[in-house]
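Chain by chain, the residues run as shown.
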Amino acid sequence: MRLTYRLGKNRRLNDLRLQVENRGDLLVAKTSGFGSRLFAPFFKNYFRWLNKIGPVAIQEGRNIYSLYLPPIPSEAHANYLRNFLETWVYHKPTPQAATIALNYDCQCNCIHCSIPSVSTESPILSTEEVEKIIKESVHLGVTHFTLTGGEPLLRDDLEDCVSFVPKSKAVIQVFTNGLAVDAERAAKLKAAGLFGLIISLDSPDPEEHDRLRDTKGCFRAAERAVRYAREAGLMVGLSTYATNQSSHEGKLTTLAALAADWGVHEITVLDVIPTGRLISRDDLLLTEESRQILMREGRAIYRKYRGRPRIVTQTFAGSGFGFAKSIGCLAGSYEFHVTAYGDFTPCDFTPLKFGNVRTESLAQLWNRLTNHPVYCQHASKCRMQTPEFRERYIHKIPGHALLPFPITEIETSA
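Residues numbered from 1 in each chain as written. Predicted model: local features only at pLDDT ≥ 70, side-chain atom pairs only at ≥ 80, totals over all residues. Heavy atoms only, no water.

(A) Focus on the nonpolar core. Among the nonpolar cores identified, the biggest contains 83 residues, and Phe145, Leu147, Val162, Leu238, Phe336 and Phe344 are the most heavily contacted of them. Residues contacting Phe145, with those up to four places away along its chain left out, are Ala98, Ile100, Ile134, Ser137, Val138, Val165, Ala170, Val171, Ile172 and Gln173. Grouped together as the second largest cluster of nonpolar side chains are 19 residues, Phe43, Leu50, Ile72 and Leu85 included. (Core = buried A, V, L, I, M, F, W, Y, C linked by side-chain atoms within 4.5 Å. Buried < 20%, exposed > 50% of the residue type's maximum accessible area, 1.4 Å probe, protein only. Contact = heavy atoms within 4.5 Å.)

(B) Broad picture of the pairing of strand β11 (residues 266-271). When you tally the buried positions in β11, you get five out of six residues, the bulk of the element. By the bridge criterion, six bridges tie strand β10 (residues 235-242) to β11 in an arrangement that is parallel. Note that in β11 the partner of Thr240 across the bridge is Val269. Pairing geometry for β11 and strand β12 (residues 310-313), over four bridges, is parallel. Residue pairing across strands places Thr268 opposite Val312, the latter belonging to β12. Handedness of the crossover joining β11 and β12 through helix α10 (residues 288-305): right-handed. (Helix = DSSP H or I, 4+ residues; strand = E, 2+ residues; numbered from the N terminus. Pairing = 2+ DSSP bridges. Right-handed = clockwise from strand over helix to strand, strands pointing away.)

(C) Local environment of the packing of aromatic side chains. Throughout the structure, instances matching the rule amount to twelve aromatic pairs. Summarising the aromatic geometry, the rings of Phe42 and Tyr46 are spaced 6.1 Å apart at their centres and angled 20 degrees between planes, so their arrangement reads as stacked. Of this pair, Phe42 and Tyr46 are both found in helix α1 (residues 36-53), four residues apart, which corresponds to roughly one turn of the helix. The exposure class assigned to Tyr46 is buried, which follows from its relative accessible area of 6%. A ring pair is formed by Tyr375 and Phe389, whose centres lie 6.4 Å apart and whose planes are at 85 degrees; its orientation type is edge-to-face. (Phe/Tyr/Trp six-rings, centres within 6.5 Å; stacked < 30°, edge-to-face > 60°.)

(D) Region of interest: the packing of helix α9 (residues 251-262) against α10. With their axes 10 Å apart at the nearest point, α9 and α10 run at an angle of 25 degrees to one another. For the element pair α9 / α10, the angle class is roughly parallel. As α9 packs across α10, the resulting crossing turns out to be right-handed. Contacts from Lys251, Leu252, Thr253, Ala256, Ala257 and Ala260 of α9 reach α10 at Glu297, Ile301 and Tyr305. Taken together, the residues of the contact of α9 with α10 break down into six nonpolar, one polar and two charged. (Axes fitted to C-alpha atoms, helices over the stretch in contact; angles between N-to-C directions. Parallel < 35°, antiparallel > 145°, perpendicular 65-115°, else oblique. Left-handed = near helix turned anticlockwise from the far one by under 90°. Nonpolar A, V, L, I, M, F, W, Y, C, P; charged D, E, K, R; others polar.)

(E) Summary view of the sheet that holds β12. Pairing is mixed in the open sheet, where nine strands are placed in the order β12-β11-β10-β9-β8-β7-β6-β13-β14. In the strand order of this sheet, the two ends are held by β12 and β14 (344-345), each with one partner. Each of β10, β11 and β12 touches α9; the most contacted strand, β11, lies at about 155 degrees to it.

(F) Here's a closer look at the sheet that holds strand β1 (residues 2-6). Spatially, three strands are ordered β1-β2-β3 in an open sheet, and the strand pairing comes out antiparallel. The sheet is open, and its two borders are formed by β1 and β3 (26-32), each paired with just one other strand. Within the sheet, the average angular offset between the axes of one strand and its neighbour, ignoring direction, is 20 degrees. Alignment of β1 against strand β2 (residues 17-23), held across five bridges, turns out to be antiparallel. Directly across from Arg6, in β2, lies its bridge partner Arg17. Running over the sheet, α1 touches β2 and β3 and is turned about 175 degrees from β3.

Structural data, given as structure tokens:
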């Protein structure tokens, strides 16, 4: 398949084009037009990197390299690259990803739950409000949506929410614990336009996973959810988190073997972040030794399974190594989050709000966030894992406060 990307969103690049073609596992790209000589080295390195790691799947004539990246070639991927140029070349921050919490209901009672003590004075986002958020997000430039909870599959209108994302502009995935996934629901989500389903798996040991989730049968439900999602033709991922203990015990290697056996496309490894129920547990922050262990383990897994399943680690994103130099902390540069009550936050792990989508547009809120002194500059590491940031903001949130807490109230009282 071949597609010509028109990348000139900026007037100075209105003639820049990129022809992208997939020839089996390989991508071939060629620039033309004004600015092509300037940007050719970047695109060459970018596609060389993709060819090195290889696709995890090929669907409808397009290569898929990650659940967090639109298929290639596609107009959604063209938008992704266009927004990248806007952000890094012209210093105009353009959001690529948005996470939206649809509810806070859940069948589990996880000890590590990242959902804060939220206000219940207002109703959760309605179907119409979710549609409005998605439309405004696409207009801003978002090419990747994630629906979260709580447990989003507990909403009867989930398929409607998925269908609001224009498939020519962006892709959408859903995070789930797997308990409400059956063959019929997976097929309905696929028909609605869902790109991928990511199932949480805290441990490769069934008993430990159920204990951490305080829900019997949760592990087997996750296993079934993977099977149903694959049968429906969905991209399938597992989401887990790393602690100092788990990194030293090598649990990621065991989980990767399980994922390979189940036919999972990708594993997302988040660092344990002191937020939600763990907000006061700064002692849980990963040590540098643990990070190094995780990256070595990730590379070993990549070599063993040849990149399938793909391993995506938050530790690598904040390492400053190679391509990760352009990633770092995604909050306020690459993504934003909207809570189930409409509060606008930098990411779903940051309990600080900059306003509410029910009273202001997403464009206004994004502009406020990206012009904030803390978020207007690139951060090489996750801010929520940075002691200075936590001391300046997180530790000053009143103990009785409902979250997310207005960042202006912290700054006013400072």
